[in-house]
Protein chains: 2
Amino acid sequence: MGERGRRPGSPDTRAAILAAARELFADRGFSGATIRAIAAHAGVDPALVHHYYGTKADLLVASLELPVDPREVLAPVAALGPEGAGERLMATFLSVWDDPEIGVRLRAFARHVLEPGAEVMVREGFLGALILPLGETMGIDQPGRRMPLVASQIIGLVMMRYVLEVEPIASMPPEELVATLGPALQRYLTGPLPEVGAPE
Amino acid sequence: MGERGRRPGSPDTRAAILAAARELFADRGFSGATIRAIAAHAGVDPALVHHYYGTKADLLVASLELPVDPREVLAPVAALGPEGAGERLMATFLSVWDDPEIGVRLRAFARHVLEPGAEVMVREGFLGALILPLGETMGIDQPGRRMPLVASQIIGLVMMRYVLEVEPIASMPPEELVATLGPALQRYLTGPLPEVGAPE
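Residues numbered from 1 in each chain as written. Chains lettered and ligands numbered in written order. Predicted model: local features only at pLDDT ≥ 70, side-chain atom pairs only at ≥ 80, totals over all residues. Heavy atoms only, no water.

## Examining the pattern of salt bridges
All names here are of chain A. In this structure the tally under the stated criterion is 14 salt bridges over all chains. Between Arg107 and Glu165 there is a salt bridge, with the nearest N and O atoms lying 3.7 Å from each other. Placement of Arg107 in helix H7 (residues 100–111) and of Glu165 in the loop between helix H9 (143–163) and helix H10 (174–190) is noted, with a sequence separation of 58 residues between them. Exposure remark for Arg107: the relative accessible area of 29% places this residue in the partly exposed category. One network of salt bridges, in which partners are shared, links Asp58, Asp69 and Arg71. (Salt bridge = Lys/Arg side-chain N within 4 Å of Asp/Glu carboxyl O. Helix = DSSP H or I, 4+ residues; strand = E, 2+ residues; numbered from the N terminus. Buried < 20%, exposed > 50% of the residue type's maximum accessible area, 1.4 Å probe, protein only.)

## Side note on the interface of chain B and chain A
On the side of chain A, 38 residues touch chain B, which itself brings 38 residues to the contact. Counting across the interface, chain B meets chain A through 2 salt bridges. A salt bridge links Arg145(B) to Glu176(A); the shortest N-O distance between them is 3.0 Å. Remark: the boundary between chain B and chain A carries 8 residue pairs in polar contact (both at pLDDT 80 or more). Going through the elements one at a time, helix H7 (100–111), helix H8 (118–138), helix H9 (143–163) and helix H10 (174–190) of chain B are the ones with two or more residues in the side of chain B that touches chain A. It is H9(B) that provides the largest number of residues to the side of chain B that touches chain A, a total of 13 residues. (Contact = heavy atoms within 4.5 Å. Polar contact = N/O pair within 3.5 Å; in protein donor to acceptor, adjacent residues only side chain to side chain.)

## Looking at the relation of the copies chain B and chain A
When chain B is fitted onto chain A, the two copies agree to an RMSD of 0.0 Å after a turn of 180° and an axial shift of 0.0 Å. Here the transformation between the copies is reduced to the relation of a two-fold axis. Among all C-alpha atoms of chain B, that of Gly156(B) lies closest to the rotation axis, at 1.9 Å. Both copies contact each other with a shared surface, as 100% of the interface residues of chain B are interface residues in chain A too. (Least-squares fit on C-alpha atoms with pLDDT ≥ 70 in both.)

## Topic: the packing of helix H1 (residues 11–32) of chain B against helix H3 (residues 46–53) of chain B
Residue and element names in this part refer to chain B. Taken N-terminus to C-terminus, the directions of H1 and H3 make an angle of 100°; their axes are 11 Å apart at the nearest point. As summarised for this structure, H1 and H3 are arranged roughly perpendicular, according to the angle between their axes. For the pair H1 and H3, contact is made by Thr13, Arg14, Ile17 and Leu18 and by Leu48, Val49, Tyr52 and Tyr53, respectively. (Axes fitted to C-alpha atoms, helices over the stretch in contact; angles between N-to-C directions. Parallel < 35°, antiparallel > 145°, perpendicular 65-115°, else oblique.)

## Description of the nonpolar core
Ranked by internal contacts, the top residues of the largest apolar core, which has 119 residues, are Phe25(B) and Leu59(B). The residues contacting Leu59(B), other than those within four sequence positions of it, are Ile17(B), Leu18(B), Ala21(B), Phe25(B), Ile35(B), Ile38(B), Val49(B) and Tyr53(B). Judged by nonpolar contacts, the second largest core, of 28 residues, contains Ala16(A), Phe30(A), Ala57(A) and Leu64(A). (Core = buried A, V, L, I, M, F, W, Y, C linked by side-chain atoms within 4.5 Å.)

## Observations concerning the side chain of Asp69(A)
Tracing the sequence through the fold places Asp69(A) in the loop between helix H4 (56–64) and helix H5 (70–79). Here Arg71(A) takes part through its side chain, which lies 2.8 Å from a polar atom of the side chain of Asp69(A).

## Thoughts on the confidence of the model for chain A
Looking at chain A as a whole, its pLDDT mean stands at 87, while 92% of the residues score no less than 70. If you check the scores for this complex, the pTM reads 0.85 and the ipTM reads 0.84. (pLDDT = per-residue confidence, 0-100.)

And the structure:
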């Protein structure tokens with residue numbers, strides 16, 4: 001056992017870091033919770049946090065217990081640029097959520113979104129740190145305005161198809177959903193946006 | 001004090017009908033829960049259910065404790081037909097949800113959507129009995145396919161703007177949301193739908 005009674009890298013240390021991350025992300029949001037504060041809360045050196053969990057966004061993915069890393073799944077979609085991205089995004093999204101094993105765990109995640117403490121993680125962490133950067137990678141203009149629109153349609157699809165299971169969306173073949181919702185996503189990604197009035 | 005020890009029309013009777021309706025809608029869904037079964041469960045005559053609550057859809061609105069009747073709010077939108085309905089629908093929707101007093105109660109309703117028992121009421125009752133008929137009134141083709149698409153975008157908007165409060169959608173002026181999401185709804189209402197393969 002180490003000098004402080006806890007061996008660095010032991011399951012205990014990793015679990016303590018993860019518990020501290022969850023607590024601080026929920027309390028302060030993704031940007032408010034620094035690696036330094038998380039490390040202090042867990043009683044470890046900040047370098048150890050980086051060593052075990054990588055970047056703060058990596059730590060967020062670990063602390064959300066997501067069955068897949070959305071950045072890994074969606075990076076290939078974003079890398080191909082904006083043209084046709086709406087349909088590619090929808091097809092990739094459905095391939096993950098329709099997977100029986102991953103899908104069960106994603107549904108459980110979706111059901112926890114409304115629990116106290118989960119919201120700030122979803123709002124700032126999941127959307128801000130994981131989804132928003134995809135728009136930047138893709139090279140669209142105004143990603144901060146466009147990606148939340150994309151997210152709004154995708155969250156609504158998750159609710160209708162996987163959580164509330166409303167027909168005919170719940171049983172719709174993925175190809176039909178891609179053809180129906182892909183163009184809507186494409187419009188949000190690259191279509192016209194209304195002019196925003198000058199601030200008063 | 002009536003013959004059965006309960007005065008028809010007393011607050012008790014009305015409450016018993018409402019409690020029975022909630023229980024049976026949750027257990028059997030909107031179509032599965034008949035007025036006859038609800039009346040039997042409440043220990044009253046079916047005629048009394050109709051007398052106090054009107055149609056089964058009226059009873060659903062009462063049992064959901066909605067602060068507004070979506071049919072009343074949206075009927076004028078639907079009555080004007082499909083042209084421009086996307087923007088009208090969005091503007092009307094926002095005027096209700098952005099109202100400080102009604103909005104608070106609608107947010108509370110939205111938060112309960114994921115609770116056990118609430119789902120079947122939302123799926124069959126709220127969407128099936130209240131929203132779907134609007135498409136029929138509006139006179140669009142394939143309302144059973146188009147209205148759930150509209151609902152998917154609106155549910156996603158509710159989550160982003162009112163529940164998770166994701167920026168910039170949470171603070172966006174209604175006019176900007178109407179101009180941004182109205183055309184998306186219009187596309188679902190009257191735009192092209194992919195051809196569906198013949199049943200196998």
